[in-house]
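# Examining the three-dimensional arrangement
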Amino acid sequence: MVELRERRAALLANRHLTWVFGTDGPGVRVGEEWAGGIRLRVCTPRSGATSQRPIVLVLHGGGWCWGSPEQSRWMAGRIAARTGAVVVAPAYRLAPEHPHPAAVEDCWAVLRWLVVNAGHLGADPGRIAVMGDSAGGTLAAVLALRARDEGGPRIRGQVLIYPLVDLVGLRGPGLGGIVETYLGGDASRAEAWSVSPLRAESHVGLPPALVLTARFDPLRPHAERYAEVLRTAGVEVAVHCPDLATHAYLTLPGLSPASRGGLARVVSFLDGVLGGRVS
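Let us look at the structure shown here. (Residues numbered from 1 in each chain as written. Predicted model: local features only at pLDDT ≥ 70, side-chain atom pairs only at ≥ 80, totals over all residues. Heavy atoms only, no water.)

### Quick word on the nonpolar core
- By size, the foremost hydrophobic cluster in this structure holds 59 residues, and its most contacted members are Leu 57, Leu 139, Tyr 182 and Tyr 226.
- If you tally residues by element for this core, the top one is helix α6 (residues 135-149), at nine residues.
- Non-local contacts of Tyr 182, meaning those with residues more than four positions away in its chain, are made with Trp 64, Cys 65, Ala 95, Pro 99, His 100, Ala 103, Val 104, Leu 139, Leu 167, Ser 194 and Val 195. (Core = buried A, V, L, I, M, F, W, Y, C linked by side-chain atoms within 4.5 Å. Buried < 20%, exposed > 50% of the residue type's maximum accessible area, 1.4 Å probe, protein only. Helix = DSSP H or I, 4+ residues; strand = E, 2+ residues; numbered from the N terminus. Contact = heavy atoms within 4.5 Å.)

### Looking at the environment of His 247
- Looking at the secondary structure, you find His 247 in the loop between β8 (237-240) and α9 (258-274).
- With 84 residues separating them in the primary sequence, His 247 and Pro 163 have C-alpha atoms 9.9 Å apart.
- Apart from the residues within four sequence positions on either side, His 247 is in contact with Ser 134, Tyr 162, Asp 217, Pro 218 and Leu 219.
- Of the polar contacts made by the side chain of His 247, one reaches the side chain of Ser 134; its length is 2.9 Å.
- There is a polar contact of 3.0 Å between the side chain of His 247 and the side chain of Asp 217. (Polar contact = N/O pair within 3.5 Å; in protein donor to acceptor, adjacent residues only side chain to side chain.)

### Describing α6
- With 15 residues, α6 extends 21 Å from end C-alpha to end C-alpha; this agrees with the ideal 21 Å at 1.5 Å per step.
- Of all 15 residues that make up α6, 13 are buried, and the element is covered over most of its length.
- Gly 151 lies just past α6 and shows a positive phi near 75 degrees. (Expected span 1.5 Å × (residues − 1).)

### Quick word on the pairing of strand β3 (residues 53-59)
- Extensive coverage of β3 is indicated by the burial of seven of its seven residues.
- In terms of strand pairing, β3 meets strand β5 (residues 123-133) through six bridges, oriented parallel. Bridge pairing in β5 places Val 58 opposite Met 131.
- This β-α-β element, β3 to helix α3 (residues 73-83) to strand β4 (residues 86-90), shows right-handed connectivity. (Pairing = 2+ DSSP bridges. Right-handed = clockwise from strand over helix to strand, strands pointing away.)

### Details of the environment of Arg 154
- Tracing the chain through its elements places Arg 154 in the loop between α6 and β6 (157-161).
- With relative accessibility at 58%, the residue Arg 154 sits in the exposed group.
- Spatially, the C-alpha atoms of Arg 154 and Pro 218 are 32 Å apart, while their sequence positions differ by 64 residues.

### Describing the pairing of β4
- Within β4, five of the five residues are buried, leaving the element largely enclosed by the surrounding structure.
- Residues Val 86, Val 88 and Pro 90 point to one face of β4 and Val 87 and Ala 89 to the other, with burial holding for every one of them.
- The sheet contact formed by strand β2 (residues 38-45) and β4 spans four bridges and is antiparallel. Pairing of Arg 41 across the sheet is with Ala 89, part of β4.
- In this sheet, β4 lies alongside β3 in parallel orientation, the contact comprising three bridges. Paired with Ile 55 across the strands is Val 86, a residue of β4.

### A look at the packing of aromatic side chains
- Per the stated rule, a full pass over the model turns up two aromatic pairs.
- Between Trp 64 and Tyr 182, the aromatic rings sit 4.3 Å apart at their centres with planes inclined by 10 degrees, giving stacked as the arrangement. Of this pair, Trp 64 sits in the loop between β3 and α3 while Tyr 182 sits in helix α7 (residues 175-182); the two residues are 118 residues apart in sequence, bridging distant segments of the chain. Across the pair, exposure class does not vary: Trp 64 and Tyr 182 are buried alike. (Phe/Tyr/Trp six-rings, centres within 6.5 Å; stacked < 30°, edge-to-face > 60°.)

This is how it looks when you write it as structure tokens:
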């Protein structure tokens, strides 16, 4: 597993492959902060207001076992530039060394840190959205549930990009093996809503959601089912499902033309729930 992480990091660092993964792009300043022992990659717009910007917390994918904030740089940088938000991406702990609930607790700690330290970032703690892709989408959905249940922080919107929302019953090689690693070999953990947000007792009172999937995404049924559950609970939901795309298209702009349309939908949604750019 460590070898896989090292290979992924090497790919992201390879300047010859930036055409696949994209770059931060113009118009943003990239820095680093620390929330306790958690590294944060922070994208701040170079233009516009210098204070009271909205905040977007971006959680990377990778099956809770690998990945890093850098793999979302194309998406994160453009969201910062186009919405005027401070975009924060944490390097949360990963399995197998740190199985559930380590990733959830790290992401929750970062969300709370952002509220306390918003002024340091030039941001508004009252205008926060959470988003994530794949495993990160699952974590974003969990944060929305936990913030509701614990009375804050207030989340204005959730962007769930091809999330896996029910891990119960997933076994064997491939995806099942990843889930087993994330759960530390304890399948009973999958019943908890902090693992499988679909299984929360209620979805009433959650923030507006944008759910993205793709026609050829194997996780499409998860995304569509969660969107329907949210809708039934009275949550405002929009769904974006491009025809010619599959899983991970939003972090592979050099390979998937659908990434541009998906990004545009995300930016439009965030502008709506966060109140637009501060001038």
